[in-house]
Amino acid sequence: MGSALITGATSGIGLELAWELAAERNDLVLVARGLERLESVAEQIRQKAGVQVELLPADLATEEGARAVAARLYAENKPIGILVNNVGFGLSQEFVGGDLERELYGLDAMVRATLITCHAAAEVMARRGYGAILNISSMASLTAQGTYSAHKAWVRTFTEGLAVDLKGSGVAVAAICPGLVHTDFHSSAGVDAGQWPEYFFTTPAHVARVSLNALRHGRVIVTPTLRYKTLAALLKVAPRALVRAVAGPEMSGRPA
Ligand SMILES: NC(=O)c1ccc[n+]([C@@H]2O[C@H](COP(=O)([O-])OP(=O)(O)OC[C@H]3O[C@@H](n4cnc5c(N)ncnc54)[C@H](OP(=O)(O)O)[C@@H]3O)[C@@H](O)[C@H]2O)c1
C-alpha cells in the first residue's frame, strides 16, 4: 500500500484511475482546479474504498500549480508511489488566428507541468528504488492535429526517454495512447462526440485498467484497444503526406 497522486482526477480517465487505485488500497492525492468537485469525489472514494484521500487543488498550467505538485512529490513523510500525469484538453481553436494565451495555457498544462512533475518524481522514486509514472498521451500523438498532437507527441517521446533513463532503477514508466474515450473531454472542448461512430469509443474504466496493468508488466507505450493498436501500426508506416491528408486538424471534430 502506498500513495498515488493523480492530476485531472475529478473526471474521465483520471477519475477512473483514482477508483482503481483506491480499490487496490492506495491512499490518494487528487489534483484538479475545481475544489467543489475535488471534495465531492474525495468524499465518495473515502466512504466507498476506505482509503485516505488528500486534496491538492491546483491549475497545472500555472507555475505555482505545477510546483505545488512537485513539492508534494518531494514530501518524504508520506511518499508518493505512483504519479499519474493525466491533465489534458482540447484547445477549442485553430492555431492560425487563435488566441496565443490559450495556446500557452495548453502547452504549460500538458507539457511543462508534465516535465516539472516527472523531474521531481523521477528523482525521489529513483533514490527510493521504487515507484511508477504514468503519463497520458493520445493516439493524436501520431497524427497532425495541431498543437494538441504536438503536445501529446512530446509526452509520448519524453516518456520513452524517461523509461530508458530509469531502466533498472525500480521505477516503471508508461505512456498511454488512447483513441476516443467517453469522458467530458469533447463537451469541454465544444466538440460533438456524437459525430463519430460508437465503434471508435472505449470507456475510461477500460483505459484505467489497461494503464495500471501495463505499468505492472513494464510496458512503456500502451494503446488500450485492438482497433487503435491496428490504427497506430498503420499510422507508423503510412507516408506522412497521407497522414496529414487524412488526420490533420479537421479530424479534431471542431465545427468549421
Ligand atoms: N477523452 C478522450 O477521447 C481522450 C483521448 C485520448 C487522450 N485523452 C487524454 O486523456 C487525459 C484525460 O482526459 P479525459 O478525457 O479524462 O478528460 P476530462 O474528462 O475532461 O477530465 C479532465 C480532468 O482534468 C482536470 N483539469 C483540466 N484542466 C486542468 C488544469 N489546467 N489543471 C488541473 N486540472 C485540470 C479537470 O478538472 P478541473 O476542470 O476541475 O480542473 C478534470 O479532472 C487527457 O490528457 C486527454 O488529453 C483523452
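Basis of the calculations
Residues numbered from 1 in each chain as written. Predicted model: local features only at pLDDT ≥ 70, side-chain atom pairs only at ≥ 80, totals over all residues. Heavy atoms only, no water. Near = heavy atom within 4 Å. Polar contact = N/O pair within 3.5 Å; in protein donor to acceptor, adjacent residues only side chain to side chain. Areas by Shrake-Rupley, 256 points an atom, 1.4 Å probe, with all protein chains shown as cover. Helix = DSSP H or I, 4+ residues; strand = E, 2+ residues; numbered from the N terminus. Pairing = 2+ DSSP bridges. Contact = heavy atoms within 4.5 Å. Axes fitted to C-alpha atoms, helices over the stretch in contact; angles between N-to-C directions. Core = buried A, V, L, I, M, F, W, Y, C linked by side-chain atoms within 4.5 Å. Buried < 20%, exposed > 50% of the residue type's maximum accessible area, 1.4 Å probe, protein only. Right-handed = clockwise from strand over helix to strand, strands pointing away. Expected span 1.5 Å × (residues − 1). Arc of directions from axis to C-beta.

### As for the site of the ligand
Moving on, step 1. Taken together, 31 residues lie around the ligand, and Thr10, Ser11, Tyr148, Lys152 and Thr183 are the ones closest in.
Moving on, step 2. One of the backbone nitrogen or oxygen atoms of Asn86 is found 2.8 Å away from an oxygen atom of the ligand.
Moving on, step 3. Taking Asp184, its main chain carries an N or O atom lying 3.3 Å from an oxygen atom of the ligand.
Moving on, step 4. When the ligand sits alone it has 890 Å² of accessible area, and the protein chains cover 94% of it.
Moving on, step 5. Where the shell around the ligand is concerned, the elements lending two or more residues are helix H1 (12-23), helix H5 (146-165), strand E7 (180-181) and helix H6 (185-188).

### Some points on the environment of Ala245
Moving on, step 1. Counting through the fold element by element, Ala245 comes out in helix H9 (residues 240-246).
Moving on, step 2. As a C-alpha pair, Ala245 and Thr143 span 102 residues in sequence and 10.0 Å in three-dimensional space.

### Digging into the sheet that holds strand E1 (residues 3-7)
Moving on, step 1. The seven strands are arranged E3-E2-E1-E4-E5-E6-E9 in an open sheet whose pairing can be described as parallel. The two strands at the open ends of the sheet, each matched to only one other strand, are strand E3 (53-57) and strand E9 (221-222).
Moving on, step 2. Strands strand E4 (80-85), strand E5 (131-136) and strand E6 (171-176) of the sheet are contacted by helix H4 (residues 100-128), whose axis makes an angle of about 160° with E4.

### Digging into unusual backbone geometry
Moving on, step 1. For Arg25, which is not glycine, the phi dihedral falls at a positive 70°.
Moving on, step 2. In this fold, Arg25 is placed in the loop between H1 and strand E2 (27-32).
Moving on, step 3. Although it is not a glycine, Ser92 adopts a positive phi angle of roughly 60°.
Moving on, step 4. Tracing the chain through its elements places Ser92 in the loop between E4 and H4.

### Structural notes on the nonpolar core
Moving on, step 1. Ranked by size, the top nonpolar core spans 33 residues in total, and within it Ile6, Leu17, Leu21, Leu28, Leu30, Ile45 and Leu134 carry the most contacts.
Moving on, step 2. Listing elements by their share of this core, those giving two or more residues are E1, H1, E2, helix H2 (35-49), E4, E5, E6 and helix H7 (204-216).
Moving on, step 3. Dropping the residues within four chain positions of it, Leu28 is found in contact with Ala4, Ile6, Ala18, Leu21, Ala22, Ile45, Gln52, Val53 and Glu54.
Moving on, step 4. One finds Leu73, Cys118, Ala122 and Val171 within the second-largest nonpolar core, a separate group that totals 26 residues.

### A look at the pairing of E1
Side-chain positions along a regular strand alternate between the two faces of the sheet.
Moving on, step 1. Among the five residues in E1, five count as buried, and that is most of the element.
Moving on, step 2. By the alternation rule, side chains of E1 split into Ser3, Leu5 and Thr7 and Ala4 and Ile6, which are all buried.
Moving on, step 3. Where E1 meets E2, five bridges bridge the pair, whose relative direction is parallel. Within E2, the residue paired with Ser3 across the bridge is Asp27.
Moving on, step 4. Viewed along the sheet, the connection from E1 through H1 into E2 turns out right-handed.

### Concerning helix H3 (residues 63-74)
Moving on, step 1. Along its 12 residues, H3 runs 16 Å from first to last C-alpha, staying within 8% of the 16 Å computed at 1.5 Å per residue.
Moving on, step 2. Buried within H3 we find Gly65, Ala66, Val69, Ala70, Arg72 and Leu73. Buried residues of H3, viewed axially, fall in a sector of 160°; they line one side.
Moving on, step 3. Along its buried surface, H3 packs onto E1, E2, E3, E4 and H4.

### A look at H1
Moving on, step 1. Helix length check: H1, at 12 residues, gives a terminal C-alpha distance of 17 Å against a target of 16 Å (1.5 Å per residue), a fit within 8%.
Moving on, step 2. If you check which residues of H1 are buried, you get Gly12, Ile13, Gly14, Leu17, Ala18, Leu21 and Ala22.
Moving on, step 3. Phi for Arg25, located one or two positions after H1, is positive at around 70°.

As far as function goes, none of this settles anything; it's purely spatial.
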